[in-house]
Amino acid sequence: MSAWRSSLLASVLAAALAACGTRDVETHPFAIQVTPELPPGFDSYVLAGTGRIVAPTVFVLAGVVLAEGAAPIDVEVRFRDDVPGGVVLPAQLDGAPATLVLLRSGGGIGPDGEPLPFLGLRLATGTGAAIVDQLILFEGAYKGGGTDILPITQIDPRPDLPLFRVREDWSEFEPAECGPVYYDFLEVIGDDELFSLRREGRRDLTIGAADSTPWKILHVLSWHRRGKCQAQAEAWTEFAAWR
């Protein structure tokens, strides 16, 4: 090969590697926000009231009593509306008796090291034995090992809730600036079903009676890093389920 061809090839390869080296996984957290600030010192909250949908990703739980003898308040929950998959609040939550389950992050961080007050939420309609979960959101800097069930369906558990865990995978990656970022998959467990979803993967899941409304499961994104810049999270998972 001539000298100029070798030089040209080296230049092309160097340019390609440089371009790849700055690419990272684009991640859009739900970034769950709750107003007003809830009493500190709790890992999770189970709140009851009447639901109101203010916007596709803004929900108000009216008439919440945080402590015995306290005056009822309204609790507003919102999440970002630009998450891939177009997750919105199910219409049946509007005007219905509702239960809100919130899971604190315990000082967790988002993908870029930003504070993450809440890891997830669940919203259900009904009261007493007639409570039916309608929406699950979860996200966090979780590194998948395949053994730990993610905690969002372990709080105030009910038999119609699926279970979730992250499985590491090393077959697909992005050559990010501070080390490769590997895409992981989400494992979903139902009554007699177990399946995995890749990023932005979707699937329905029926739990309980055959005529019950199936869950629509969306795995937004999961990944883990080999090397990170400054405050970046080492791993991330994000999913939603609704009916």
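The structure this text deals with has already been given above.
My aim in this report is to walk through the structure given alongside it, one point at a time. (Residues numbered from 1 in each chain as written. Predicted model: local features only at pLDDT ≥ 70, side-chain atom pairs only at ≥ 80, totals over all residues. Heavy atoms only, no water.)

**Notes on the pattern of salt bridges**
- All chains considered together, the criterion is met by 13 salt bridges.
- The salt bridge involving Arg-158 is made with Asp-133; its shortest N-O contact spans 2.7 Å. You can see Arg-158 sitting in the loop between β7 (132-140) and β8 (163-167) and its partner Asp-133 sitting in strand β7, a full 25 residues away along the chain. Residue Arg-158 shares its accessibility class with Asp-133, and that shared class is buried.
- Note that Arg-203 and Glu-193 form a salt bridge whose closest N and O atoms lie 3.3 Å from each other. Residue Arg-203 is found in strand β13 (residues 201-205), and its partner Glu-193 is found in the loop between β11 (185-189) and β12 (194-197); the two are separated by ten residues along the sequence. (Salt bridge = Lys/Arg side-chain N within 4 Å of Asp/Glu carboxyl O. Helix = DSSP H or I, 4+ residues; strand = E, 2+ residues; numbered from the N terminus. Buried < 20%, exposed > 50% of the residue type's maximum accessible area, 1.4 Å probe, protein only.)

**Comments concerning the side chain of His-219**
- Here His-219 is to be found in strand β14 (residues 215-225).
- Here the side chain of His-219 touches Leu-197 through a polar contact of 2.8 Å, landing on its backbone oxygen.
- A polar contact is formed between the side chain of His-219 and the side chain of Ser-222, at a distance of 2.7 Å.
- Apart from the residues within four sequence positions on either side, His-219 is in contact with Asp-184, Phe-185, Leu-186, Leu-197, Arg-198, Arg-199, Glu-200, Gly-201, Thr-237, Glu-238 and Phe-239. (Polar contact = N/O pair within 3.5 Å; in protein donor to acceptor, adjacent residues only side chain to side chain. Contact = heavy atoms within 4.5 Å.)

**Observations regarding the pairing of β12**
- Only one face of β12 is buried: it carries Phe-195 and Leu-197, and the other face, with Leu-194 and Ser-196, is open.
- As judged from the four bridges shared by β11 and β12, these two strands associate in the antiparallel manner. The residue of β12 that forms the bridge with Glu-187 is Ser-196.
- Where β11 folds back on β12, the antiparallel hairpin that results is connected by four residues. (Pairing = 2+ DSSP bridges.)

**Some points on the sheet that holds β12**
- Sheet architecture is open: three strands sit in the order β8-β11-β12, paired in antiparallel fashion. Each having just a single partner strand, β8 and β12 make up the two edges of the open sheet. Adjacent strand axes in the sheet meet at a mean angle of 25 degrees, parallel and antiparallel pairs treated alike.
- Here β8 pairs with β11 via five bridges, running antiparallel. Note that in β11 the partner of Leu-163 across the bridge is Ile-189. (Axes fitted to C-alpha atoms, helices over the stretch in contact; angles between N-to-C directions.)

Honestly, it's all geometry; don't read function into it.
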